[in-house]
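Structural features, examined
Listed here are the chains, written in short residue letters.
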Amino acid sequence: MDVSYLLDGLNDRQRDAVSAGEQDMLVLAGAGSGKTRVLVHRIAWLIQVMNASPLSILAVTFTNKAAAEMRGRVEKLLGRDVRHMWIGTFHGLAHRLLRAHYQDAGLPQNFQIIDSDDQQRLLKRTIKALNLDDKQWPAKQAAWYINAKKDDGLRPQHIDTYDPTEKTQLQIYTAYQEACDRSGLVDFAELLLRAHELLRDNRHVREHYQRRFRHILVDEFQDTNQIQYAWVRLLAGQQNNVTIVGDDDQSIYGWRGAQVENLQHFLRDFPQAQTIRLEQNYRSTATILKAANQVIANNSDRLGKDLWTEGNDGEQISLYAAFNEQDEARYIVSQIVRWRDQGGALSDVAILYRNNAQSRVLEEGLLYASIPYRIYGGLRFFDRQEVKDAVAYLRLLSNRRDDAAFERVVNTPSRGIGERSLGLIRDYARSQQLPMWFAAQAMVNDAILSGRAKSAVAGFLDLINQLDQDCFELPLGKQTHKVLQGSGLLAMYEAEKSDKAETRVENLKELVSATETFSPTGDEDLSPLAEFLAHAALESGEEQADAHQDAVQLMTLHSAKGLEFPLVFMTGMEEGTFPSQMSVGEPGRLEEERRLCYVGMTRAMEKLILTYAESRRLYGQENFHRPSRFIAELPPESIQEVRVQTRVQQPQATRSRFHTGASHESFVQTGYQLGQRVLHQTFGEGTVLNYEGTGAQSRIQVNFDDVGSKWLMVAYAKLTPLNG
DNA sequence: CGGCCAGTTGTTTTT
DNA sequence: CAACTGGCCG
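Residues numbered from 1 in each chain as written. Chains lettered and ligands numbered in written order. Predicted model: local features only at pLDDT ≥ 70, side-chain atom pairs only at ≥ 80, totals over all residues. Heavy atoms only, no water.

Considering all chains together, one arrives at 16 aromatic pairs under this definition. What links up through ring pairs into an aromatic cluster is the set F221, Y229, F266 and F270. Lying across the ring of Y253, R256 places its NZ or CZ 3.8 Å from the centre. Here the guanidinium or amino end of R374 rests over the ring plane of Y376, the centre of that ring lying 4.3 Å away. (Phe/Tyr/Trp six-rings, centres within 6.5 Å; stacked < 30°, edge-to-face > 60°. Lys NZ or Arg CZ within 6 Å of the ring centre and 35° of its normal.)

See below:
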């Protein structure tokens, strides 16, 4: 059979990785070095050339999107369906293991996955039930603590502490876990931990999968945490081949438990492993690569890697010093307009920022210039309130013990079961060690509740039972529709007259069509409903409707990882913003910020533009920060500092806040230049920072040397321009 | 039970 | 500054 097509168009290092024999391998894959391609070709090679069965391959990724893409590309390359090959996220695979071996894992068959939002709600109630002050013990922090422990493989009984703070956190952890177990609920970290314990403690299960998975491939290995790596080692056993692909320079999730050190640990634990470096970059210009290399070279303990390209130097990196964030937005918009005028597509442009708060001013600027844009991140489909409400009803139908779902819908829409009645149910449930559903049942039957409360609660119990009966044999779509109608959820949002409520109704309808088109695999003996619920919990639905519109892409530096754009703006290049204030001072965290900078820079294919603002408003406070230290780490010859050309107009025309493209106007306006020094009769000397408004209303912002920054009406301020 | 006001608190995000 | 929470009152 001719398999040369599996190596076609690959460089030597890529070929080495794809065609390696049965062995362990570390592929250190630099940004834009064709990493996914190598993984996909390697899998195809294993099947086609080495006669591996698709069933003997386990491929792990970090997002569902990456998993889907990988499967699609393998199928395309092989021209055959590999539906039964295990490709998925750590969480997805853990879930699959737990479903298949729920008894060995000590879980009920209908266990349900909860997301971080559910987790926090549950924690909040747990903390209240422990009579702890929820101000002093925020659910968020408790979740942080618990997840960190689980990521390290620790159960409460493994933790021994004399620290009183941690003692309480431990107490919360214990109570929370009991609540989860009672309700058949599994959080994300629990999926991984339980699956690990399952493999570790059950020899027959472990050996079964060790025999099966001859080839294990893990992508984005620098993002694995302790338990995920422990998992890989367990499955690898003594004889299986492990290929890990990663880049220590792109490790940017240390703050949520990822351990770059796992790369080193791998080399220690798999001493036979061959290391292959993919350093040829197919994405960026030589100038961009050189600059990125030079920045990342400031980090210590790197495995070492230098990106190179056969391509051209390309344009220099532009650096724009804005006076404030509005000016920054203005400049970016002007450059995008220029890009578009020269025939560039808007979807080829990305604006990257360190934190989401920065997007607002940028949005305003784009909006004013009528440039379509799309923001990545934000609320995803299954995270929306109304969708979660509807899903909670389905969850309760699937599992009456699900307290999280019970709490969520028992009074949504309101049916007269208030905090008081609910408190009684909670107390009784706790004292009897019962899930709330059964506690409520007992309270109605044994007349512990009476009067209004009793009939309200009885009404809810009847409603759910009735829905269950009506839905029992219906297909999933009809079932969902029935639940939306019967529960009154749809009616509740339909009755509300607001744009918000309208979108909510639309989302509920969208949920119905999602359940209609959902195709269950029937793999683990689950009902279609149970399978859909797992799907909803594990894949929160990233796709956005207008994804294919020609629009500028706005996103955080973190969400840009893995993407590429011809034109990239990196904004807010200031100390305190990037690197973030929270990270300066801690060398480890600072290095992670530097890696983030490296990730951002290497997103750019043709042109990279960096911007920083001398003054930036944060939490209503004007802040003055030095340019980011990362700017000083760039090779000076790669940088072109952009001269300020924007000018302020005297009050006259109908113009406002965003002077899009002002820097290209051929005429020079009479007026003040941003950054210009001016003199005020009472305030003294200062620097022009910003301006806004039209005509007689136009105002100018001046940062006075003695009294700080002030907004003044241009018409009355009587400013004298100073030479400078 | 719901609405309003005052007080609080602000990285990065996927599963 | 603004979004969100919690407490209090009608």
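Surveying the vicinity of DNA strand C reveals the residues K124, R360, Y619 and G620. When the atoms of DNA strand C within 4 Å of the protein are grouped by moiety, sugar and phosphate amount to 50% of the total. K124 is positioned with one of its side-chain polar atoms (N or O) 2.9 Å from a phosphate oxygen of DNA strand C. Between DNA strand C and the protein, one listed contact pairs a phosphate oxygen with a side-chain N or O atom of R360 at 3.4 Å. A breakdown of the residues in the surface near DNA strand C according to their chemical character gives one nonpolar, one polar and two charged. (Near = heavy atom within 4 Å. Polar contact = N/O pair within 3.5 Å; in protein donor to acceptor, adjacent residues only side chain to side chain. Nonpolar A, V, L, I, M, F, W, Y, C, P; charged D, E, K, R; others polar.)

Among the 31 residues in the neighbourhood of DNA strand B, the closest are listed as R380, G418, T556, S583 and R589. The share of sugar and phosphate among atoms of DNA strand B within 4 Å of the protein is 49%. A distance of 2.6 Å is found between a phosphate oxygen of DNA strand B and a side-chain nitrogen or oxygen belonging to R380. Taken together, the residues that form the surface near DNA strand B break down as eight nonpolar, 16 polar and seven charged.

Let's shift gears to the sheet that holds strand 17 (residues 639-641). Reading across the sheet, the seven strands line up as 11-12-10-13-14-9-17 and stay open at both edges, with parallel pairing between neighbours. Whereas interior strands pair on both sides, the edge strands pair on one side only; in this sheet they are strand 11 (373-375) and strand 17. Averaged over all pairs of adjacent strands, the angle between their axes in this sheet comes to 25 degrees, without regard to strand direction. Judged from the four bridges that link them, strand 10 (residues 349-353) and strand 12 (residues 552-556) form a sheet pairing that is parallel. Among the inter-strand pairings, L352 is bridged to a residue of strand 12, identified as M555. Strands strand 10, strand 11 and strand 12 of the sheet are contacted by helix 14 (residues 359-368), whose axis makes an angle of about 160 degrees with strand 11. (Pairing = 2+ DSSP bridges. Helix = DSSP H or I, 4+ residues; strand = E, 2+ residues; numbered from the N terminus. Axes fitted to C-alpha atoms, helices over the stretch in contact; angles between N-to-C directions. Contact = heavy atoms within 4.5 Å.)

Spatially, six strands are ordered 3-2-6-7-1-8 in an open sheet, and the strand pairing comes out parallel. Single-partner strands in this sheet number two, and they are strand 3 (86-89) and strand 8 (274-278). With strand direction ignored, the average angle separating the axes of adjacent strands in the sheet is 15 degrees. Of the pairings in the sheet, the one linking strand 6 (residues 215-218) to strand 7 (residues 241-246) comprises four bridges and is parallel in character. Counterpart to V218 in the pairing with strand 7 is I244. The strands touched by helix 3 (residues 64-78) are strand 2 (57-61) and strand 3; relative to strand 3, the strand with the most contacts, the crossing angle is about 160 degrees. Most of the contacts of helix 10 (residues 226-236) go to strand 6, to which it runs at about 165 degrees, and overall it touches strand 2, strand 6 and strand 7.

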